[in-house]
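Next come the chains, spelled out residue by residue.
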Amino acid sequence: MGYLDELNESQRVAVEHIYGPSMVIAGAGSGKTRVLTYRIAHMVEQGIDPHNIMALTFTNKAAKEMSERIGKIVGGSEAKSITMGTFHSVFSRILRYNADRIGFPNNFTIYDTQDSKSLIKDIIKEFSLDDKTYKPSGVFGRISSAKNNLISPEAYINNTDIQAEDRMSRRPELGRIYAQYANRCQRAGAMDFDDLLYFTNVLLSTQPEVLHYYQQKFKYILVDEYQDTNYAQYLIVKKLAAAYENLCVVGDDAQSIYSFRGANIENILNFRKDYPDFSLFKLEQNYRSSQNIVDAANSVIKRNQDQIQKSVWTHNGKGNPISIVRTLTDNEEGRVIANKIYDLKQSKVPDYNAFAILYRTNKQSRSFEEALRKLNIPYKIYGGLSFYQRKEIKDVLAYFRLTANPNDEEALKRVINYPKRGIGKTSIENIIISAGSHGVSMWDVIQNLQQYPADITNSTKQKLYEFVTMIRSFQAEMLKVDAYTLAEHITRSTGILRELVEEKEKGPEEVERLQNVEELLAGIQEFVKTSEEEELKTLPDFLLDVSLLTDADQEKTEDRNHVSLMTIHSSKGLEYPHVYIVGMEENLFPSQLSMSSKSDLEEERRLFYVALTRAMETCTLSYTGSRFVWNQSIRCEPSRFLDEIDASFVHHETPMRSQQGRSLMGGMDRSFTGGLNVSLKQPSLPRSLKSLSNLPNSPSQGSDFQDIKVGTNVEHSRFGKGKVTHLDGNGADKKAVIFFPHHGAKTVLLKFANLVVLPD
DNA sequence: GCGACTTCCATTTTT
DNA sequence: TGGAAGTCGC
């Protein structure tokens, strides 16, 4: 068994231990995925039937990768027999077979977050509640965490603690909203993401024979990223594993970063209570990062109090210290990082895949996009608005969903009047009212207006009739033709395709929308082609796949020579030779919302730990003195996390600037008095050196902007060319009113405006 | 019922 | 800033 030789001692022991409960605590970069895949491969080699193995991962991508790697060792068909995927995808499949036992149709649709919020909004309106106290996202969060903790609407309403909390936050109706939300979802035959777990638990607790079946089927269970499981996931796993207790969980408490969505770090700690005779394996040797990076990350994470003791170490070379870069503005931050990547690529790095820019929030990507584009550096943004959340895609998918499950109200609301067919807001509201009073779905109402009368004009009734007929015609085809044929038919006969083609002339955005829909169709065609033998892949089959897919799963391996931009959250599990962690500022990272509680701050610190440990060779941290937020520039202070890295592992790159630096440094003097900032101890550099610093296109700062007078023609990075009409203030506060032909008059602070003076 | 217009509000991470 | 919701006139 050659593959065992590729493991170190502690990895091998973990791989060879197959029976009974076990927990693998895997430090960052310690070969966790390798252990997991080899363990499964080893099980199969030992004669365990792959049908009896269930492996739960955090992302679809991780599952796919693992499956491929296992296939290489034990063969593809064996690997395919393993049940492998995210909690959500695996359990949604189980529910497909069993949902009818718990009051849902087996063809239930899955509501995404947008659908959920839109439904909640409806309910708030229906109850005539103030939508400022009852904000849809807040209500959604509350319902979500109730479900993650397996609290039913009834339990919610009867729980005195919860009711007290809701009264405290002056939202006593939350329980009623939750109950109505659950009701409406059921009527629509829809489950949201949390329901996939919640109702799996309901299924397993109320249907003993189902539980028994899956206990016998999944005799061996593996769970990856165990630190990020929530209570519902914990209990489901516990139930399924109860018969054989061949349960292996893998995780790293130091990388738990999803408590905001109910992840419960206690699950790791509780493991020893549930399985007192469990075996514990620790993987502590890091193969990924240089010594400096490992040490720096350790020096940060040791400040957390809540953690399992372990010491991550490496045999790798010392490497470079962690670089810390300071810039004046967020735009400059983008340029500096882009230039660094450019330089490194020119001098020693063969391709762009080696680079990743990691940030705390998606919106930070903008300045990096711009800067990379200017230097013609290929890049790809992960996360953010996903392909499947684009309006045009959601519209098309809504037709698919409606075809598969006409009771799906969110889908119905979305397309009942798209493309425009003269069914307006008032009619839709009256349909909802009628549906509510009869306790049926909107679809029931519109296809049977005699039985469920609604206040609707005759001409609208005719249009509704045509709509119903159209959807029914799709349904008639649904199981007869493959997904692509039907999807293509739907985009044509609904008029969506025609509309998009017509609008194409309007501009590049419209062209893109058409391309997106074409891409979706191409994707469905791919999907249909993957079918084996006689199998017909239908539209419902496709929907099952698509609702739980994210952008990361889409990636094609060909176009891979690009810099990766993503949030730290989505970087988990990945690694890059050169990592740039940007926006290292107080209130951004750590996020403002995390500052109030110690546990939230510890989670932010773990997030920082995750970010640092993505890096293999070099790691650069950057922060900026000011940032554009809501159309105005705000001052930023360096993140406390910068101080938390042991000073011997860092190198501060940016020299202090002599003049304007001071006014912008703001709180820096305070936070750096620990003597960490080496450059503070050096004499300030003379201003002439500034031009030698690595700041590309450095704005004309430090001067009194004497070259900018009333009447001067200037160019602004966002507004384009304009003429100065007024000047006000002095020095750092000097402002100008500039008239831009395309944007009108704007007042800008010269020190931030990055104006380029144009010849008269 | 529809489109043009104004106003208001956000601002963390995601299966 | 920019997206979403609300208002108004046709």
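Heads up: the structure comes first, above all this text.
This is a predicted model, so every value here is computed, not measured.

Conventions we followed
Residues numbered from 1 in each chain as written. Chains lettered and ligands numbered in written order. Predicted model: local features only at pLDDT ≥ 70, side-chain atom pairs only at ≥ 80, totals over all residues. Heavy atoms only, no water. Pairing = 2+ DSSP bridges. Helix = DSSP H or I, 4+ residues; strand = E, 2+ residues; numbered from the N terminus. Axes fitted to C-alpha atoms, helices over the stretch in contact; angles between N-to-C directions. Contact = heavy atoms within 4.5 Å. Buried < 20%, exposed > 50% of the residue type's maximum accessible area, 1.4 Å probe, protein only. Right-handed = clockwise from strand over helix to strand, strands pointing away. Phe/Tyr/Trp six-rings, centres within 6.5 Å; stacked < 30°, edge-to-face > 60°. Lys NZ or Arg CZ within 6 Å of the ring centre and 35° of its normal. Patch = residues over 30% accessible without salt bridge, like charges linked within 9 Å, V, L, I, M, F, W, Y side chains within 5 Å. Areas by Shrake-Rupley, 256 points an atom, 1.4 Å probe, with all protein chains shown as cover. Salt bridge = Lys/Arg side-chain N within 4 Å of Asp/Glu carboxyl O. Lys, Arg positive; Asp, Glu negative; His and termini not counted. Charge placed at Lys NZ, Arg CZ, Asp CG, Glu CD. Near = heavy atom within 4 Å. Polar contact = N/O pair within 3.5 Å; in protein donor to acceptor, adjacent residues only side chain to side chain. Nonpolar A, V, L, I, M, F, W, Y, C, P; charged D, E, K, R; others polar. 1 Å grid on protein atoms, 1.4 Å probe; cavity = no way out; pocket = protein on both sides within 12 Å on 5 of 7 lines; lining within 4 Å. Points joined across faces, edges and corners; volume = space filled by probe spheres on them.

**Student:** Account for the sheet that holds strand 3 (residues 83-86), with residues named and values stated.
**Tutor:** Spatial ordering of the open sheet is given by 3-2-6-7-1-8, a layout of six strands whose pairing is parallel. A single partner strand is all that each edge strand has here, and the edge strands are strand 3 and strand 8 (279-283). Strand-to-strand twist in this sheet, taken as the mean axis angle between neighbours without regard to direction, amounts to 15°. When strand 6 (residues 220-223) meets strand 7 (residues 247-251), the two strands line up parallel, connected through three bridges. Directly across from Val-223, in strand 7, lies its bridge partner Val-249. Strands strand 1 (22-26), strand 2 (53-57), strand 3, strand 6, strand 7 and strand 8 of the sheet are contacted by helix 2 (residues 32-45), whose axis makes an angle of about 170° with strand 6.

**Student:** If you had to explain the pairing of strand 6 to someone new, which residues and values would you point to?
**Tutor:** Working note: regular strand, side chains alternate between the two faces of the sheet. On strand 6, burial covers both faces: Tyr-220 and Leu-222 on one face and Ile-221 and Val-223 on the other are all buried. In terms of strand pairing, strand 2 meets strand 6 through four bridges, oriented parallel. If you follow Ile-53 over to strand 6, its bridge partner there is Tyr-220. The parallel pair strand 6 and strand 7, bridged by helix 13 (residues 231-241), forms a crossover whose chirality is right-handed.

**Student:** I'd like to hear about the packing of aromatic side chains, residue by residue, with values.
**Tutor:** Scanning all chains against the criterion turns up 19 aromatic pairs. Look at Phe-87 and Phe-91: their rings are 5.9 Å apart centre to centre, the planes differ by 45°, and that puts the pair in the tilted class. Taken together, the positions of Phe-87 and Phe-91, both in helix 5 (residues 87-98) and four residues apart, correspond to about one turn of that helix. Between Tyr-213 and Tyr-214 the ring centres are 4.9 Å apart and the planes differ by 85°, which places this aromatic pair in the edge-to-face class. By relative accessible area, which is 7% here, Tyr-214 ends up buried. Ring-pair connections join several aromatic residues into one group, and the members of that group are Tyr-226, Phe-271, Tyr-275 and Phe-278. One cation-aromatic arrangement involves Arg-261 over Tyr-258; the distance from NZ or CZ to the ring centre is 4.6 Å. Taking the ring centre of Tyr-352 as reference, the NZ or CZ of Lys-345 above it sits at 4.9 Å.

**Student:** Lay out a negative patch on the surface in plain terms, naming residues and giving numbers.
**Tutor:** Among the surface-exposed residues, Glu-532, Glu-533, Glu-534 and Glu-535 lie close enough to one another that they form a single negatively charged patch. Within the secondary structure, Glu-534 is located in the loop between helix 25 (508-529) and helix 26 (539-546). Since its relative accessible area comes to 79%, Glu-534 is described here as exposed.

**Student:** Before we move on, can you summarise the protein's contact with DNA strand B with the specific residues and values?
**Tutor:** Lining the immediate environment of DNA strand B, one finds 25 residues, of which Arg-360, Thr-426, Ser-427, Leu-593 and Trp-630 sit closest. Each atom of DNA strand B within 4 Å of the protein was classed as base or backbone; sugar and phosphate made up 55%. Between DNA strand B and the protein, one listed contact pairs a sugar or linking oxygen with a side-chain N or O atom of Arg-261 at 3.4 Å. A distance of 3.1 Å separates a phosphate oxygen of DNA strand B from a polar atom in the side chain of Thr-567. For the surface near DNA strand B, the class distribution of residues is six nonpolar, 14 polar and five charged.

**Student:** So what about the layout of surface pockets? Which residues, and what values?
**Tutor:** When its volume is computed, the second largest pocket comes out at roughly 2200 Å³. Taken together, 50 residues form the lining of the second largest pocket, with Lys-64, Arg-93, Phe-527, Lys-537 and Asp-545 sitting closest to its centre. Put simply, the parts of the chain that give the lining of the second largest pocket at least two residues each are helix 3 (60-74), helix 4 (76-81), strand 3, helix 5, helix 12 (208-217), helix 25, helix 26 and helix 27 (551-554). Along the lines of polarity and charge, the residues of the lining of the second largest pocket split into 21 nonpolar, 13 polar and 16 charged.

**Student:** Talk me through the side chain of Ser-30; I want residue IDs and the actual numbers.
**Tutor:** Of note, Ser-30 is situated in the loop between strand 1 and helix 2. Residue Ser-30 is classed as buried on the basis of its relative accessible area of 2%.

**Student:** Explain the pairing of strand 2 to me, and be specific about the residues and the numbers.
**Tutor:** Most of strand 2 sits inside the fold, with five of its five residues counted as buried. What you see with strand 2 is no split at all: Ile-53, Ala-55 and Thr-57 on one side and Met-54 and Leu-56 on the other are buried throughout. In terms of strand pairing, strand 2 meets strand 3 through four bridges, oriented parallel. Bridging from a neighbouring strand, Met-54 pairs with Thr-83 of strand 3.

**Student:** Outline the pattern of salt bridges, listing residues and values.
**Tutor:** Enumeration over the complete set of coordinates arrives at 39 salt bridges. Here Asp-115 ties to Arg-401 by a salt bridge, and the two come within 3.0 Å at their closest N and O atoms. Pair noted here: Asp-115 is in helix 6 (residues 113-126) and Arg-401 is in helix 18 (residues 391-404), with a separation of 286 residues, a long-range link. Ionic pairing is found between Glu-604 and Arg-360, a salt bridge with its closest N-O pair at 2.6 Å. With Glu-604 in helix 28 (residues 598-612) and Arg-360 in the loop between strand 12 (355-359) and helix 17 (365-374), the pair connects residues that are 244 residues apart, well separated along the chain.

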